Amino acid sequence: MIQLESDQQLKDLINQESVILLFSADWCPDCRVIEPFLPELEEEYSDWTFVYVDRDQFIHVCAENDVFGIPSFLAFRNGEETGRFVSKDRKTKEEIEEFLNRVSK
């Protein structure tokens, strides 16, 4: 998973690739719950580039995209948002897979 380091990097990734943004934070217990199976999802959905967006470091990106709960996911293709799984609730592997299947069609 790519760790987002700059606004320019985000812009470049969104405009050039199929990207799943994972909004998360070190202090978020629900975010830790999904960590063990993220590598498996990355492998299974390899047409997507997964990008970790630290909520605290990129709070302005969260605000610009109406992401007010974590963990949350946004999907982009060719610069356009194609799907979102955004809430403050804990997510299961099955729910994340359902989201990824929906945006992969």
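Residue positions are given per chain, counted from 1 along the sequence in the order it is written. Local features in this predicted model are restricted to residues whose pLDDT is 70 or higher, and side-chain atom pairs enter the listing and the counts only when it is 80 or higher, whereas totals over whole chains, interfaces and linings include all residues. In computing side-chain properties, one takes all heavy atoms of the structure into account and sets aside hydrogens as well as water.

Undergrad: Help me understand the pairing of strand E3 (residues 49–54) in this model?
TA: The side chains of a regular strand alternate, first on one face of the sheet and then on the other. Burial analysis of E3 places six of its six residues in the buried class, the great majority of the element. Side-chain alternation along E3 places Thr 49, Val 51 and Val 53 on one buried face and Phe 50, Tyr 52 and Asp 54 on a second face that is also buried. Any two strands between which DSSP finds at least two bridges are classified as paired. Numbering of helices and strands runs from the N terminus, with a helix taken as a DSSP run of H or I at least four residues long and a strand as a DSSP run of E at least two residues long. Across two bridges, strand E1 (residues 2–3) lies against E3 in parallel orientation. Considered in E3, the bridge of Gln 3 is made with Tyr 52. Here six bridges tie strand E2 (residues 19–24) to E3, and the two strands are oriented parallel to one another. Bridge pairing links Leu 22 to Tyr 52 in E3. Between buried and exposed lies partly exposed: a residue is buried under 20% and exposed over 50% of the maximum accessible area for its type, with that area taken using a 1.4 Å probe on protein chains only.

Undergrad: Would you mind showing me how to read the state of the cysteines here?
TA: Structurally, a disulfide amounts to a covalent bond that connects the sulfur atoms of two cysteines. The definition used for a disulfide is geometric: two cysteine sulfur atoms within 2.5 Å. Under the defined criterion, the tally for this structure stands at one disulfide. Of all cysteine sulfurs, the one in Cys 31 lies closest to Cys 62, which takes part in no disulfide; the gap is 10 Å. Overall, Cys 62 belongs to the buried group, its relative accessible area being 2%.

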